[in-house]
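Below are the chains, spelled out letter by letter.
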Amino acid sequence: MRRFVMDEPILYLKSRAKNPSVTNTWAIIRISLLVFLLKLHSAFSEETNTAVEKESKLSHVENSNASIEEPTWTFCGTKRLSFIDVVLDANFSTSGSMAVGEECLLRPKCDETTGCNAPLHCFDFSKLENGSLEFSESRVVVVSPHRLESIVEDSAVQNVCAIVLFYAPWCTFSVQFARKFNALGRSFRGLPILALNLAESEPYKYILAYLPLVAFYYRGKTLFKFSLESSFEDLRDIVSNITGFEALPVNLSDPENEGPIRTERETSDQVFLAISVWMQQSSLKAFRACIPPLTFSTHKGSAGRVGVIGGSLEYTGAPYFAAISSLKAGGDLAHVFCPEAAAPVIKAYSPELIVHPLLSADATETTRAILPWLPRMHSLVIGPGLGRDPAIMASVKALIAEVRKMSKSMVIDADGLHLVTLDPSIVEGYRDAILTPNEAEFQRLYTKVFGAKATGNSGEQTKLLAAKLGNLVIVRKGQVDLITDGQNIIECNERGSPRRCGGQGDLLSGTIGLFSHWTNTAQTQVPGQLLAAYGSCYLVKKCAELAFAKHWSIHASQ
Ligand SMILES: NC(=O)C1=CN([C@@H]2O[C@H](COP(=O)(O)OP(=O)(O)OC[C@H]3O[C@@H](n4cnc5c(N)ncnc54)[C@H](O)[C@@H]3O)[C@@H](O)[C@H]2O)[C@@H](O)CC1
Ligand SMILES: Nc1ncnc2c1ncn2[C@@H]1O[C@H](COP(=O)(O)OP(=O)(O)OP(=O)(O)O)[C@@H](O)[C@H]1O
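Because the structure is a prediction, the values reported are computed rather than measured.

## Overview of the overall build of the protein chain
Phase 1: A count of helical and extended segments in the protein chain gives 16 helices and 19 strands.
Phase 2: In the protein chain, buried positions account for 52% of the 558 residues.
Phase 3: Sequence separation of at least 24 residues holds for 72% of the intrachain contacts in the protein chain that already meet a minimum separation of 6.
Phase 4: Per element, the accessible surface of the protein chain, about 25,600 Å² overall, is 55% carbon and sulfur.

Spelled out as structure tokens, the structure:
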């Protein structure tokens, strides 16, 4: 599924708008092409003629305003306005975001010729001759995503302002805001006042911090986003002040303001989508707040000591990936407890890792040797590369029992999950456990616990299993990672990488091990294990996406 942030098409178009000579040349080429197309098309139908007429008018817009300079910006004057965000890039004199309710007024920068009160040069569509264009009327125009992109594209090469409401008919706040926005549309003639219904758009196509959200575009840039706490009068004044368009008298309570955006709420399954988007955004924010600051007062180990219990003669990469990722993500010390045969190999991969060749087929001896180390670990990652030797499994089972007694965070992955599938009671009811199954591992565990294959909604299946195991945390990995403690569920639907090379799960378990220490220390409102898991899923998917974009074919070390 393609996803992009709202500003992405704008960024793409910026390069064309920045250089006036390129813009002019581009405009001339477009006009010549349009004139040619005009002649060609006018032979066909009446409908085609109308379209061509519109294009011809737009080319007139381009032509007449080709010389207009990019304005610079400043805040001046005082008026109580509410902006969510002021999105001005390096070309502009002011940047930053402003809290709701701050006293400010955004203006093109004061200079000798324009003074402080000069508005933007926004094209007035109502002044077009024979103006039958959609924007020449005074009303909100509901557009498709495709149409919105083309308008933003047009506005990048012309001096067109566009005000866009992103809304959903099932969203209570959108519906409450609809009347104000409908009235805003009726207050201005000649200015594109648009609305995009997210319910009819590709899910996740626009990542919006708020719903509803009003964005103001000018020449292909998002200049700012309005807060919905603004009154209708404030919204109208902002638009009027910035564009220089005079507002028509409109009464907010007029019945005509019932449309075109509906003021009655529709019910829909998409509400879940909104909650999911909100959960992801708030989880990321909450997780970020748990990241320990870098200061000179900390000591070695305080940012995290993670122990990985894993590795075998066959698999030395998996425990290495888990341990090294906990260090690379910000941990201070990473220990690996592995069989003797694997230790020199793992050690040779990296001098950073502290490798203990203490895991053996003798459960009593293993426990005796590793037990003194356990209290020093903040968290344990159990399973990467262990293999399935029954005697080793028995040793690990004994260690899990010791970790439980110490109430330490424990991430169970790979062959550790095989052990849990053989005997789920070893983790049952232990809320500090985080299981990280891939799809195959999830199905095996689910079948073992419920005696039947999982069917139906995958979120519900995952919640059911986590609840049945006593509300521990399950991270079901896949195209969308599902993270649940049996009550709450968070999805991580970052794009990740289409390369499914081995070892990516080990990166995930290693970082969850570290992050669970951070979130437990920070004492969060959202359960710490859930946050740690979300932070890690987000990080691993983001890294995979970036590495894939850079190398095109990735493997875990990248
Ligand atoms: N470099 C290394 O040392 C590595 C070692 N690894 C270790 O290798 C051992 C075996 O791990 P496996 O993951 O192969 O476990 P399994 O032996 O249980 O195999 C899982 C099977 O499920 C399949 N599968 C995975 N995701 C699936 C999905 N979404 N839908 C359908 N089928 C799916 C896989 O192709 C595989 O055949 C573990 O100890 C693991 O830690 C892996 O972590 C990879 C890297
Ligand atoms: N189809 C997919 N598209 C994008 N990302 C995916 C997809 N499937 C899994 N991932 C991501 O890859 C990472 C590892 O998941 P995977 O299912 O490969 O685990 P694993 O089999 O346990 O890995 P490992 O090879 O380390 O044992 C997770 O971050 C997961 O989100």
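Okay, back to it.
## A closer look at the site of ligand 2
Phase 1: Near ligand 2, the surroundings consist of 15 residues, among which Asn 438, Lys 477, Asp 481, Arg 500 and Gly 503 are the closest.
Phase 2: Between ligand 2 and the protein, one listed contact pairs an oxygen atom with a side-chain N or O atom of Lys 477 at 2.6 Å.
Phase 3: Asp 481 is positioned such that a nitrogen or oxygen atom in its side chain is 2.6 Å from an oxygen atom of ligand 2.
Phase 4: Protein coverage of the free-state accessible area of ligand 2, which is 620 Å², stands at 80%.
Phase 5: Only α15 (504-522) and α16 (528-551) provide two or more residues apiece to the shell around ligand 2.
Phase 6: With three residues, the single largest contributor to the shell around ligand 2 is α15.
Phase 7: For the shell around ligand 2, the class distribution of residues is one nonpolar, eight polar and six charged.

## Observations regarding the UniProt feature "binding site: (6S)-NADPHX" (unreviewed entry) in the protein chain
Phase 1: In this numbering, the UniProt entry assigns the feature "binding site: (6S)-NADPHX" (unreviewed entry) to Gly 385, Asn 438, Glu 439, Ala 440, Glu 441, Phe 442, Gln 443, Arg 444 and Asp 506.
Phase 2: For Asn 438, a relative accessible area of 32% puts it in the partly exposed group.
Phase 3: Here the side chain of Asn 438 touches Ala 440 through a polar contact of 3.2 Å, landing on its backbone nitrogen.
Phase 4: Structurally, the position occupied by Ala 440 is in helix α13 (residues 439-450).
Phase 5: Its relative accessible area of 43% is what places Ala 440 among the partly exposed residues.

## Thoughts on unusual backbone geometry
Keep in mind that most residues, glycine aside, have a negative phi and that most peptide bonds are trans.
Phase 1: Following Gly 259, the chain continues to Pro 260 via a peptide bond in cis, the omega torsion being 5°.
Phase 2: Mapped onto the secondary structure, Pro 260 falls in the loop between α6 (232-243) and α7 (270-288).
Phase 3: Even without being glycine, Ser 407 reaches a positive phi, approximately 55°.
Phase 4: Take Ser 407: it is sitting in the loop between α11 (390-405) and β15 (409-412).
Phase 5: Residue Ala 414 is not a glycine yet carries a positive backbone phi of 45°.
Phase 6: Mapped onto the elements of the fold, Ala 414 is located in helix α12 (residues 414-422).
Phase 7: With relative accessibility at 17%, the residue Ala 414 sits in the buried group.

## Details of the environment of Ile 554
Phase 1: Assignment of secondary structure puts Ile 554 in the segment after α16.
Phase 2: The class for Ile 554 is buried, based on a relative accessible area of 3%.
Phase 3: It is 9.4 Å that separates the C-alpha atoms of Ile 554 and Pro 498, two residues lying 56 residues apart in sequence.
Phase 4: Discounting residues that sit within four places of it in the chain, Ile 554 has contacts with Ser 497, Arg 499, Cys 501, Ala 544, Ala 547 and Phe 548.

## Focus: the site of ligand 1
Phase 1: Taken together, 16 residues sit near ligand 1, with Gly 385, Arg 388, Asp 415, Arg 444 and Asp 506 positioned nearest.
Phase 2: Gly 317 has a polar backbone atom sitting 3.1 Å from an oxygen atom of ligand 1.
Phase 3: The contact in question runs from an oxygen atom of ligand 1 to an N or O atom on the backbone of Gly 385, over 2.8 Å.
Phase 4: Here ligand 1 loses 53% of its free accessible area of 850 Å² to cover by the protein chains.
Phase 5: Of the residues forming the shell around ligand 1, the biggest block, three residues, is contributed by α13.
Phase 6: Here the shell around ligand 1 is built from residues that sort into six nonpolar, five polar and five charged.

The rules behind each value
Once a new chain begins, its residue numbering starts again from 1 and follows that chain's sequence as written. The lettering of chains begins at A and the numbering of ligands begins at 1, in the order of writing. At least 70 in pLDDT is required for a residue's local features to be given in this predicted model, at least 80 for side-chain atom pairs to be given and counted, and no such filter applies to totals for whole chains, interfaces and linings, which use all residues. Side-chain measures here rest on the full set of heavy atoms in the structure, leaving out hydrogens and waters. Here a helix means four or more residues in a row that DSSP labels H or I, a strand means two or more in a row labelled E, and each is numbered from the N terminus. Residue burial is assigned from relative accessible area. The probe radius is 1.4 Å, only protein chains are included, and a residue is buried under 20% of its type maximum, exposed over 50%, and partly exposed in between. Contacts were defined at the residue level, with two residues in contact if any of their heavy atoms lie within 4.5 Å. Residue exposure ignores everything except the shown protein chains as possible cover, and the areas themselves are Shrake-Rupley values with a 1.4 Å probe. Consider each residue's heavy atoms; a residue with any of them within 4 Å of a molecule or strand counts as near. Two N or O atoms count as a polar contact when they lie within 3.5 Å, although within protein this holds only if one can serve as hydrogen donor and the other as acceptor, and sequence-adjacent residues are included solely when both atoms are side-chain atoms. By the convention adopted, Pro, Cys, Tyr, Trp, Phe, Met, Ile, Leu, Val and Ala count as nonpolar, Lys, Arg, Asp and Glu as charged, and the other residues, Gly among them, as polar. UniProt positions are given in the numbering used here, feature names are shortened, and annotations may be inferred rather than shown by experiment.

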